[in-house]
Amino acid sequence: MEPERLSDAELLELARAGGESGDAAQIELTGRHFGAVRKMAGLCVTDDAAAHQLAEHAWRLVLWPQDTGEDGALRPRALSSVLQAAAEVAHTNQWGALDANLAEWLRTRLAALDYDPSSGDATIFHGGSAIWRAFYALPANLQTVMWHQVVEHSDSGWIGRLLGSELSDPREIPTLTRRAYRDFYDAYERISHEGMTDDCRRFHRMVMAYADHRGGNTAAVIPHLQECAHCSRTVADLEGMYANFGGLLVDAVLPWGGQAYAATRRAEWVSAPIAVHGEERADAPRGDAGEAVFPDSPDPEEHGGVLGRARWGALARAGVAERKASGSRGRAGRITLVAGVLGVCSLVAAFVYAQESGSSLPQRSGEPPAKKVPSVPAPSKSGEPGTSGSIAGSSSPTDSASGSRRQPSDDRDRRTSGPSVPDAALEWLFDETKDGETDDSSGNGEAGKLIGNPPPKPLKDGGVSFFGQQSVTSQDPVLDTDSSFSVSARVKLRNKDEYQTVASQDGAEVSSFQLQFDPVEDRWEMRMHREDEQTSAADEAESDAAPRAGRWTALAGVYDAPEGLIRLYVDGKLQDTVHREGDRSSEGDFAVGRARLGDQFVRGFEGTIKDVRAFPKALTGAQVRKLAGEK
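This one's a predicted model, so the numbers in the text were calculated from it and none came from an experiment. (Residues numbered from 1 in each chain as written. Predicted model: local features only at pLDDT ≥ 70, side-chain atom pairs only at ≥ 80, totals over all residues. Heavy atoms only, no water.)

A look at the overall build of the chain
Here is the rule we go by: Under the DSSP-based scheme used, a helix requires at least four consecutive residues in state H or I and a strand at least two consecutive residues in state E, with every element numbered from the N terminus. Under the scheme applied here, a residue whose accessible area is under 20% of the maximum for its type counts as buried, over 50% as exposed, and between as partly exposed, the area being computed with a 1.4 Å probe on protein chains only. We call two residues in contact when some of their heavy atoms are within 4.5 Å. The Shrake-Rupley method, run with a 1.4 Å probe sphere, supplies the accessible areas, and residue values consider only the shown protein chains as cover.
Within the chain, the secondary structure is distributed over 18 helices and 21 strands. By residue count, 55% of the 631 residues in the chain fall in the buried class. Contacts in the chain between residues at least 24 apart in sequence constitute 68% of all its contacts with a sequence separation of at least 6. Summed over all atoms, the accessible surface of the chain reaches about 26200 Å², with 48% contributed by carbon and sulfur.

Structure (structure tokens):
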């Protein structure tokens, strides 16, 4: 057995089993984590001898816990055990051994909760916060990746060592990081929703959609935030995820001493990244004698704001500016922020629009245009292709997209000479717009209305430029999303800061599908919700590689209803195929440049879109290649 090659979870299991292997496993675990436990203990007591004694007791609580629940990531559990051990000291009236601030904090908690240290209940420390619950809802490997990146500021080599045989290659860690952020947010949103009263559930979509996607009319939610501590806390949490996610997480797991511990660990990694309390960096270069030589230190800011920049960029940018001007703020400040960010986003979009068009900054109007209630078109005769009513899906075999292809140029679009893919239900080429509308070249009369203030900007070489607050929408449903359908477009991202929707079709509560860019995964996606509910799970087909901003890309999302499969193509090449769970139709508008959550405009596109087509059938790989310009 080589204990250094095993994961924390494997070592912990061996240590608890005892024997010679257990002794070796315990030595390896102690080398990995006891130094950090000792550092936390040093913050809790008044002298070194007491700190070592407290650390040893806390370490025993980790190796042989009193509860039988899931262990999770070892490091945060071990640090929490220091506070548990300190509570046991306080329970025996040895207050003088504890730091004075910790003693006061524990007196308040113990008196309020009638705490029994023998129970091993950690609720006394975190209070059951949504951040704490969302973190421990993650599997242990994702907890490990998230904690050691955003709190400990460890490098990939060290994290790979902690995951051991669970990780085949340290280069997989960025993928695990994206998954950890995504799953954490999903868990947080679910927990936040579960904690709402019946009276405030109707505001859930307004709070989450605004903070997540920087858009919509938030006026109705402001009085509720003034009265509802739960929703106000959610807004503050979402802001914290952007501004200082590591600080937010460490406060949830270690509500006393967490910030001091994190600052100490960060300073140690920056000043002496070779080894910290025995934690030798696994990827440290070696000299001729095998000694570790000083490598580049990890960037402490590399991971702290990744999740927030992707999901709450506008919220945090306004919040940072406000904090600099006024220092710390309470709930009233957060409510002011909620009311004001929509105006900030609109002004930013208008400024970019004015810069590109060479015009003066337009006057901003009040609310975004009201959504038109769609009328359902009369169904066409069976088998009559090419009409807006002909939306019954037709099956087609899955076609591999292998083979050679020519990439579009980075600096200009290579237009096709008229792709020969018949039966489009809608075709918006954006080569000509008039009176705020774009023609439907399919001949089905599904003209698109340009919506926004300012509206999307038509470009001389074709296509329409979007700035995050615009869309082009149909007047009626275009696709039956319970049957086979396909949607394609040629797009160019301006940046990769936010979620951005290329095309979607509205449902009553949530878009039935979204062809979109996901900044957390850094991938293109074809996403389909399982139910028409705002908290519904979704199935996603993802691109193989990260997109590049400023580059024309041909996208196609396909749903093959008979097979129950979602397919995503990028530049004519099949990227991913996933099975769709459930089925649902939608009767809302077909939209380019945005999605919808309830009555909220969300995930606005920033860049240029052209050659949008929608088909009431599942395209084959060969047909997708034609649309992408394959010869």
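So, the sheet that holds strand 18 (residues 590-592)
Test applied: When DSSP finds two or more bridges between two strands, those strands count as paired.
Ordered by their spatial adjacency, nine strands build an open sheet running 4-5-6-9-18-11-12-13-14, and the pairing between neighbours is antiparallel. What marks the edges here is a single partner per strand, and that holds for strand 4 (433-434) and strand 14 (538-542).

Things to note about the packing of helix 3 (residues 48-63) against helix 4 (residues 74-91)
To keep it simple, the criterion reads: Angular values range over 0 to 180 degrees, each being the angle between N-to-C directions of two axes fitted as lines to C-alpha atoms, with helices fitted over their stretch in contact. Should an angle fall under 35 degrees it is called roughly parallel, over 145 degrees roughly antiparallel, and 65 to 115 degrees roughly perpendicular, with every other angle called oblique. Should the near helix be turned anticlockwise from the far one by less than a right angle, the crossing is termed left-handed; should it be turned clockwise, right-handed. Lys, Arg, Asp and Glu make up the charged group, whereas Ala, Val, Leu, Ile, Met, Phe, Trp, Tyr, Cys and Pro make up the nonpolar group; the residues left over, Gly among them, are polar.
Between helix 3 and helix 4, whose axes approach to 8 Å, the crossing angle comes to 120°. The angle between helix 3 and helix 4 falls in the class oblique. In this structure, the crossing between helix 3 and helix 4 has a hand that is right-handed. Each of Leu54, His57, Ala58, Trp59, Leu61 and Val62 in helix 3 lies in contact with helix 4, whose residues at this interface are Leu74, Arg77, Ala78, Ser81, Val82, Gln84, Ala85, Ala86, Glu88 and Val89. Residue composition of the contact of helix 3 with helix 4, by class: eleven nonpolar, three polar and two charged.

Observations regarding the packing of aromatic side chains
Aromatic ring pairs are defined here through the distance separating the ring centres and the angle between the ring planes. Convention followed: A pair of aromatic rings is counted whenever rings of Phe, Tyr or Trp (Trp by its six-membered ring) have centres within 6.5 Å, and the orientation is called stacked for planes under 30 degrees apart, edge-to-face for over 60 and tilted otherwise. Note on geometry: a ring has a charge over it if NZ (lysine) or CZ (arginine) is within 6 Å of the ring centre and within 35 degrees of the ring normal.
One pass over the structure, following the stated rule, counts twelve aromatic pairs. An angle of 45° between the planes, with centres 6.3 Å apart, marks the rings of tryptophan 428 and phenylalanine 430 as tilted. There is no split in this pair, since tryptophan 428 and phenylalanine 430 are both buried. Linked through ring pairs, Trp132, Phe135, Tyr136 and Trp147 together constitute an aromatic cluster. Over the ring of tryptophan 95 we find arginine 107; its NZ or CZ atom is 4.4 Å from the centre of that ring.

What about a negative patch on the surface?
Just so we agree on the cut-off: Within the patch definition used here, like charges are joined within 9 Å and nonpolar side chains (Val, Leu, Ile, Met, Phe, Trp, Tyr) within 5 Å, considering only residues with over 30% relative accessible area and no salt bridge. Salt bridge, as used here, is a side-chain nitrogen of Lys or Arg placed within 4 Å of a carboxyl oxygen of Asp or Glu. This count recognises Lys and Arg as positive and Asp and Glu as negative, with His and chain-terminal groups excluded. Lysine's charge is taken at NZ, arginine's at CZ, aspartate's at CG and glutamate's at CD.
Negative charge collects at one region of the surface, where Asp431, Glu432, Asp435, Glu437 and Asp439 lie side by side. Take aspartate 435: it is sitting in the loop between strand 4 and strand 5 (437-438).

Observations concerning the pattern of salt bridges
Evaluated as defined, the whole model comprises 22 salt bridges. A salt bridge links glutamate 152 to arginine 75, with the shortest nitrogen-to-oxygen separation between them at 3.3 Å. Of this pair, glutamate 152 sits in the loop between helix 8 (140-150) and helix 9 (156-163) while arginine 75 sits in helix 4; the two residues are 77 residues apart in sequence, bridging distant segments of the chain. With relative accessibility at 1%, the residue arginine 75 sits in the buried group. Residue aspartate 506 pairs with arginine 594 through a salt bridge whose shortest N-O separation is 2.5 Å. In this pair, aspartate 506 is assigned in the loop between strand 11 (500-505) and strand 12 (513-518) and arginine 594 in the loop between strand 18 and strand 19 (595-597), connecting sequence segments 88 residues apart. Several salt bridges share partner residues, and in doing so they unite Asp8, Glu28, Arg32 and Arg161 into one network.

What to know about the confidence of the model for the chain
Should pLDDT be low for a region, the predicted coordinates there are not to be read in detail. Quick reminder of the rule: As a per-residue measure, pLDDT tells how confident the predictor is, with possible values from 0 to 100.
Scored by pLDDT, the chain comes out at a mean of 74, with 69% of its residues at no less than 70. Here residues 273-419 is modelled with pLDDT under 50, and outside its nearest four sequence neighbours on either side it reaches 303 contacts, counting other chains as well.

Quick look at the environment of leucine 102
You can see leucine 102 is positioned in helix 5 (residues 100-113). Taking C-alpha positions, leucine 102 is 6.5 Å from cysteine 44, a pair spaced 58 residues apart along the chain. In this structure, leucine 102 is in contact with Cys44, Leu83, Ala86 and Trp256, ignoring residues within four places of it in sequence.

Re the environment of aspartate 186
As for its placement among the helices and strands, aspartate 186 is situated in helix 10 (residues 173-194). In sequence terms aspartate 186 and alanine 134 are 52 residues apart; their C-alpha atoms lie 8.3 Å from each other.

Quick notes on unusual backbone geometry
Between asparagine 453 and the following residue, proline 454, the backbone shows a cis peptide bond with an omega angle of 5°. By secondary structure assignment, the location of proline 454 is in the loop between strand 6 (448-451) and strand 7 (457-458). A positive phi angle, close to 55°, is found at aspartate 522, a residue other than glycine. Here aspartate 522 is to be found in the loop between strand 12 and strand 13 (523-529). Even without being a glycine, arginine 603 presents a positive backbone phi close to 55°. Within the fold, arginine 603 resides in the loop between strand 20 (600-602) and strand 21 (606-615).

Description of the side chain of arginine 523
Rules: In protein, a polar contact means a hydrogen-donor-capable atom and an acceptor-capable atom, both N or O and within 3.5 Å, with residues adjacent in sequence counting only if both atoms are side-chain atoms; elsewhere, any N or O pair within 3.5 Å suffices.
Relative to the helices and strands, arginine 523 resides in strand 13. An unpaired buried charge is present at arginine 523: no salt bridge exists, and aspartate 522, the closest side chain of opposite charge, is 4.6 Å distant. From its side chain, arginine 523 meets the backbone oxygen of serine 543 in a polar contact 3.3 Å long. Residues contacting arginine 523, with those up to four places away along its chain left out, are Arg178, Gln516, Phe517, Asp518, Glu542, Ser543, Asp544, Ala545, Ala546 and Pro547.

Brief notes about the side chain of aspartate 506
Overall, aspartate 506 belongs to the buried group, its relative accessible area being 0%. A distance of 2.5 Å separates the side chain of aspartate 506 from the side chain of arginine 594, its partner in a polar contact.

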